[in-house]
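What the coordinates show
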Amino acid sequence: MSLAADFVTSDIFLTVACISLVLLLVYTYAAYTNSSLKFQQHQSKLPPENDVDSRPPIHFNPAPLPNKHGAWVNLTSSGETATAFEDCFIETQHGCCLPQHMTPAAQKRFMYTLPDGTKVQPRTVVDIFTLLPTKRLTIIGDSMSEQVFEGLLMQLTQMKVQIETSSDPIPGARLGRKPFPVLKRFYLPQFNATLQYAKSYRFALNAKFAQYASGINSTYTLSPEQLSFVLSESDVIVVNFGLHYISKKEKSEFHPAMTALVEAFAAERLKQNGLTKKFIIRDLFPSFSSIPNPSRPGLCSKRHVVFYKWYNRLLKGLAKKYSMTFWEVGYLYNDRADAKLGLTKTGKRDCLHFCHNVFIFEPVINGLYSVLFGLMDGQRKE
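My aim in this report is to walk through the structure given alongside it, one point at a time. (Residues numbered from 1 in each chain as written. Predicted model: local features only at pLDDT ≥ 70, side-chain atom pairs only at ≥ 80, totals over all residues. Heavy atoms only, no water.)

**Concerning the environment of Pro 181**
Here is the rule we go by: The helix count covers DSSP runs of H or I at least four residues long, the strand count covers runs of E at least two residues long, and both are numbered beginning at the N terminus. The contact definition used throughout considers only heavy atoms, calling two residues in contact when any of these lie within 4.5 Å.
With respect to the secondary-structure elements, Pro 181 resides in strand E6 (residues 180–188). Sequence spacing of Pro 181 and Val 230 is 49 residues, and the spatial spacing of their C-alpha atoms is 9.9 Å. If near-sequence neighbours (up to four positions away) are discounted, Pro 181 is found in contact with Pro 169, Ile 170, Ala 173, Leu 222 and Gln 226.

**Brief notes about the pairing of strand E16 (residues 349–354)**
For clarity, the threshold we go by: The criterion for strand pairing is that DSSP finds at least two bridges linking the strands in question.
Bridge count for strand E15 (residues 340–343) against E16 is three bridges, and the pairing is antiparallel. In the sheet register, Leu 343 faces E16, and the bridge partner there is Arg 349. Here E15 folds back onto E16 in antiparallel fashion, the turn holding five residues, of which Gly 347 has a positive phi close to 90°.

**Regarding unusual backbone geometry**
Our working definition: Relative accessible area decides the class of each residue, using a 1.4 Å probe on protein chains only: under 20% of the type maximum gives buried, over 50% gives exposed, and in between gives partly exposed.
Phe 180 connects to Pro 181 through a cis peptide bond whose omega is -10°. In this model, Tyr 308 sits at a positive phi of 55°, which is unusual for a non-glycine residue. The residue Tyr 308 is located in the loop between strand E13 (305–306) and helix H9 (309–321) in this model. We classify Tyr 308 as buried; its relative accessible area is 18%. Of note in this structure, Ser 323 is not a glycine but carries a positive phi near 55°. Relative to the elements of secondary structure, Ser 323 occurs in the loop between H9 and strand E14 (325–327).

**Comments concerning the nonpolar core**
This is how the line gets drawn: For this analysis, a nonpolar core means a set of buried residues of the types Ala, Val, Leu, Ile, Met, Phe, Trp, Tyr and Cys, connected via side-chain atoms within 4.5 Å.
Ranked by internal contacts, the top residues of the largest apolar core, which has 92 residues, are Ile 128 and Met 258. Here this core takes nine residues from helix H10 (residues 362–381), the largest share from any one element. Those residues within four positions of Met 258 in sequence are excluded, and the remaining contacts are Phe 203, Phe 241, Tyr 245, Leu 315 and Leu 318.

**Regarding helix H7 (residues 224–232)**
To keep things clear, this is the line we draw: Along the arc lie the directions from the helix axis toward the C-beta atoms.
Of all the residues in H7, the buried ones are Gln 226, Leu 227, Val 230 and Leu 231. Looking straight down H7, one finds that the buried residues subtend no more than 140° of arc, so they occupy a single side.

**Structural notes on the sheet that holds strand E3 (residues 119–120)**
Pairing within the open sheet is antiparallel, and its three strands lie in the order E1-E2-E3. If you trace the sheet from one side to the other, it starts and ends with strand E1 (70–74) and E3, each paired once.

**Brief notes about the state of the cysteines**
Convention followed: A pair of sulfur atoms, both from cysteines and within 2.5 Å, is called a disulfide here.
Counted by the stated rule, this structure contains three disulfides. Across a sulfur-sulfur distance of 2.0 Å, Cys 88 and Cys 96 are joined as a disulfide pair. We classify Cys 88 as buried; its relative accessible area is 1%. Between the sulfur of Cys 97 and that of Cys 355 lies a disulfide, 2.2 Å long from S to S. Taking the sign of the S-S torsion, 70° for the link of Cys 97 and Cys 355, the bridge is right-handed. Of this pair, Cys 97 sits in the loop between helix H3 (78–84) and strand E2 (108–113) while Cys 355 sits in the loop between E16 and H10, placing them 258 residues apart in sequence. There is no split in this pair, since Cys 97 and Cys 355 are both buried. Assigning the bonded cysteines of the protein consecutive numbers by sequence position, one obtains the connectivity 1-2, 3-6, 4-5.

**Details of the pattern of salt bridges**
The criterion, for reference: Whenever Lys or Arg places a side-chain nitrogen within 4 Å of a carboxyl oxygen from Asp or Glu, that contact is recorded as a salt bridge.
Counting across every chain of the model gives 11 salt bridges. One salt bridge connects Arg 136 with Asp 235, and the closest N-O pair in it is separated by 3.0 Å. With Arg 136 in strand E4 (residues 136–141) and Asp 235 in the loop between H7 and strand E10 (236–240), this residue pair connects regions lying 99 residues apart in the sequence. Note on Asp 235: relative accessible area 16%, which makes it buried.

**Here's the deal with the environment of Ile 360**
Position of Ile 360 among the secondary structure elements: in the loop between E16 and H10. Look at Ile 360 and you get buried, because its relative accessible area is 2%.

**Some points on the packing of H7 against helix H8 (residues 248–269)**
Counted only if it meets this: A fitted line through C-alpha atoms serves as each axis, taken over the contacting stretch for helices, and the angle formed by two N-to-C directions is quoted from 0 to 180°. Throughout this description, any angle smaller than 35 degrees is read as roughly parallel, any larger than 145 degrees as roughly antiparallel, any in the 65 to 115 degree range as roughly perpendicular, and the remainder as oblique. We call a crossing left-handed when the near helix sits turned anticlockwise from the far one by less than a right angle, and right-handed when that turn is clockwise. Note on residue categories: nonpolar means Ala, Val, Leu, Ile, Met, Phe, Trp, Tyr, Cys or Pro, charged means Asp, Glu, Lys or Arg, and polar means any other residue, Gly included.
Interaxial distance between H7 and H8 falls to 11 Å at its minimum, and their mutual angle equals 45°. Classed by the angle they form, the pair H7 and H8 counts as oblique. As H7 runs across H8, the sense of the crossing is right-handed. Residues Leu 227, Leu 231 and Ser 232 of H7 form the contact with H8, whose own contacting residues are Leu 261, Ala 264, Phe 265 and Glu 268. Taken together, the residues of the contact of H7 with H8 sort by class into five nonpolar, one polar and one charged.

**Points about the environment of Met 144**
Here Met 144 lies in helix H5 (residues 143–158). Residues Met 144 and Tyr 201, 57 residues apart in the sequence, show an inter-C-alpha distance of 10.0 Å. The residues touching Met 144, leaving out its near neighbours within four places in the chain, are Leu 243, Arg 282, Phe 285, Lys 340, Leu 352, His 353 and Phe 354.

**Digging into the packing of aromatic side chains**
Using the following cut-off: When two rings of Phe, Tyr or Trp (its six-membered ring) have centres within 6.5 Å they constitute a pair, described as stacked for plane angles under 30 degrees, edge-to-face for angles over 60, and tilted for the intermediate range.
Enumeration over the complete set of coordinates arrives at 20 aromatic pairs. Consider the rings of Tyr 245 and Phe 254, whose centres lie 5.2 Å apart with planes at 70°: the pair is edge-to-face. Among the residues examined, Phe 254 registers a relative accessible area of 0% and is labelled buried. An aromatic cluster of at least three residues, connected via ring pairs, comprises Trp 72, Phe 110, Tyr 112, Phe 285, Tyr 333, Phe 354 and Phe 361.

These figures come from the coordinates and say nothing about function on their own.
Below, the structure is given as structure tokens:
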């Protein structure tokens, strides 16, 4: 006992204790300094506080969210309702949702519930271009394809993604007040990618092009040479035709025109770098006869819906024959007569085009992401 007491009070013990205390203090200070430095380095990488809200979040290729896990539900929060009927964010061809769309029945969005009951948000246009860095995504088609394009552009604008706009006449374009065809380009510096749109009502064979060019049917008809230019300026192409093949004669032209179109896609694959290009053929959205809704005359009636089943079967068969992707999304809108423009500001009825708000095309954008994810994932595995 006395030996232990003597050792505790000895000079050796006191010296060791003092050295240990000094080392502990040095280690503690070093750890604090290192932690503080790391925090400052991390903090220096953050954008200025007033810039945080203006930068969209960057997601790193989240898994696709199948539309089968979603359903149209009424908007429940006042914030969502206000968002649904605020400005379109961009100048659209057919306009924003009007007062008649402010009924509870028309205030809907597509909500997703996973098998385990988890509620999730749909994939966005930011997810799409995170998946497509440096790529040129081109949409070709009529006014319904234009609405899909506008839906993407609206969401980009809403999410405050920087956009640089240009418009280039396609070789052989008819010039004037409204030159045609034109390739509209929306460059996104954040992704070094470009969203593009080429408006076209019809695709004509060379032999048929002259007859279209002489009459009213020449409006927005794309020639094979002009299509070839658009394809050369694109990496991913989403296309749809059909709504302007209405008359009996036009219907008879649909099959050969679409066959020639898909054959042009197949030929593009044989060119240099052609194998990396992706072609997506979209189905047609349903339209409704211009009959007022009995309970809400400003809206369209659910009666006499047109599904374009024959056109869709033909497009799907061509996609399968040439090993291309057929994208089915129109069925999600079979019961959305309330989302059509209905009575426009000018008093005309329009039961073909959708009114524009940020929610209507969410399942389209989500579905496009799923299709692109599968295509790009396949490319990564090749």
